[in-house]
Amino acid sequence: LPKILQNGTLIFSTAAGRLGAAKIQVRAQDNGGGSFESAKKNFTITILPPSFHVGEFILTNPLILYENSGLQLFDGFANPGCLGSRLQDSTFNLTASSKFEVVVSDPLTFEKQPEIDSFGGLSLKPSTNWNGNTVISVRCISSGKNTSWFDIAVRVLPVNHAPSFLVSKAELDVPEGSSPQGPYQSLQYATNISANDLNQSVTFRVEFVEGN
């Protein structure tokens, strides 16, 4: 319990992990006998969450991903300490309104929008075939109090896609001696040729498998 020293100094210790208000009643008393107690005085002690900046709780910045890497899960991406007070067992006392709020600068860059759960785990999925740079902004909301926004750089690195093509015929019948003037040619035998990446060209490597 709180106590007040003879010189008027108030002393108390707070319980670990506890937030809220406590109403206190106090009287002064002397040692002269008779009516030795004063009228009671009331006051309230309110334990507030510690002040913080959300940037102190983001453990990875920038965030580097690869194109077409699918759904990404990052446990422990953010420290949930900004959502509530730490308890003795290293968990956190969270209110129903405590959460990480995430805003994306360009939502089209994500097939699954980024989310951070109450344990600090981040989940997201970049859009198919997209690579480049974007920004997600995060803030903590706890007990109705918001931090300032903190920006996290997200870099999705390109990967080299395999080229693709089609052939006009799976079986090619050529009469013997049909090319006396030079090599046989079948125009547009390979079609729909694509490098599937910008600024890349395609060549063909032909191998003999079996036959006469």
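That block above? That's the structure.
Residues numbered from 1 in each chain as written. Predicted model: local features only at pLDDT ≥ 70, side-chain atom pairs only at ≥ 80, totals over all residues. Heavy atoms only, no water.

Colleague: Is there a simple way to think about the environment of Pro-2 in this case?
Modeller: With respect to the secondary-structure elements, Pro-2 resides in the segment before strand S1 (3-4). When its relative accessible area of 29% is taken as the criterion, Pro-2 is described as partly exposed. Residues Pro-2 and Val-26, 24 residues apart in the sequence, show an inter-C-alpha distance of 9.8 Å. Apart from the residues lying within four places of it in its own chain, the contact partners of Pro-2 are Leu-10, Ile-11, Phe-12, Ile-24 and Ile-45. (Helix = DSSP H or I, 4+ residues; strand = E, 2+ residues; numbered from the N terminus. Buried < 20%, exposed > 50% of the residue type's maximum accessible area, 1.4 Å probe, protein only. Contact = heavy atoms within 4.5 Å.)

Colleague: Would you take a moment to explain the pattern of salt bridges for this structure?
Modeller: Pairing between side chains of opposite charge can happen when the charged atoms of each approach one another. Within this structure, the stated rule accounts for 4 salt bridges. With its nearest N and O atoms 3.1 Å apart, the salt bridge here joins Lys-112 to Glu-115. When the shortest N-O distance is used, the salt bridge between Arg-205 and Glu-207 registers 2.4 Å. The residues Arg-205 and Glu-207 share a single accessibility class, namely exposed. (Salt bridge = Lys/Arg side-chain N within 4 Å of Asp/Glu carboxyl O.)

Colleague: Explain the layout of surface pockets to me, please; I cannot follow it from the model alone.
Modeller: The rolling of a water-molecule-sized probe over the atoms marks out the regions of remaining empty space. Space inside the second largest pocket adds up to approximately 250 Å³. As for the second largest pocket, its lining consists of Pro-163, Ser-164, Phe-165, Ile-193, Val-202, Thr-203, Phe-204, Arg-205 and Val-206. Split into classes, the residues belonging to the lining of the second largest pocket amount to 6 nonpolar, 2 polar and 1 charged. (1 Å grid on protein atoms, 1.4 Å probe; cavity = no way out; pocket = protein on both sides within 12 Å on 5 of 7 lines; lining within 4 Å. Points joined across faces, edges and corners; volume = space filled by probe spheres on them. Nonpolar A, V, L, I, M, F, W, Y, C, P; charged D, E, K, R; others polar.)

Colleague: How should I be thinking about the sheet that holds strand S6 (residues 72-74) in this particular structure?
Modeller: One open sheet accounts for 3 strands, arranged S6-S11-S10; its pairing is antiparallel. If you trace the sheet from one side to the other, it starts and ends with S6 and strand S10 (110-116), each paired once. This sheet shows a mean twist of 15 degrees between the axes of neighbouring strands, independent of strand direction. Relative to strand S11 (residues 122-126), S10 runs antiparallel, the two sharing 4 bridges. Within S11, the residue paired with Glu-115 across the bridge is Ser-123. (Pairing = 2+ DSSP bridges. Axes fitted to C-alpha atoms, helices over the stretch in contact; angles between N-to-C directions.)

Colleague: Mind showing me how you'd approach the packing of aromatic side chains here?
Modeller: Two measures describe an aromatic ring pair: the distance that separates the ring centres and the angle between the ring planes. In total, this model carries 1 aromatic pair according to the counting rule given. When the centroid spacing of 5.2 Å and the interplanar angle of 90 degrees are considered together, the rings of Phe-165 and Phe-204 count as edge-to-face. Taken together, the residues span a long stretch of sequence, with Phe-165 in strand S15 (residues 164-167) and Phe-204 in the segment after strand S16 (190-194) at a distance of 39 residues. Residue class for Phe-165 comes out partly exposed when judged on its relative accessible area of 43%. (Phe/Tyr/Trp six-rings, centres within 6.5 Å; stacked < 30°, edge-to-face > 60°.)

Colleague: What is the right way to read the side chain of Gln-72 from this model?
Modeller: Of note, Gln-72 is situated in strand S6. Owing to a relative accessible area of 18%, Gln-72 belongs among the buried residues under this scheme. When near neighbours in sequence (up to four residues on either side) are disregarded, Gln-72 contacts Leu-65, Leu-122, Ser-123 and Leu-124.

Colleague: Is there a simple way to think about the nonpolar core in this case?
Modeller: If you look at soluble globular proteins, the nonpolar side chains tend to sit buried side by side. Membership of the largest hydrophobic core comes to 17 residues, with the highest contact counts inside it found for Leu-63, Phe-77, Ile-116 and Val-154. Elements with a contribution of two residues or more to this core: strand S5 (63-66), strand S9 (99-104), S10, S11, strand S12 (132-142) and strand S14 (150-157). Top contributing element to this core by residue count: S14, with 4 residues. Filtering out sequence-adjacent residues up to four positions away, Ile-116 remains in contact with Phe-77, Ala-78, Phe-100, Val-102, Gly-121, Leu-122 and Val-138. (Core = buried A, V, L, I, M, F, W, Y, C linked by side-chain atoms within 4.5 Å.)

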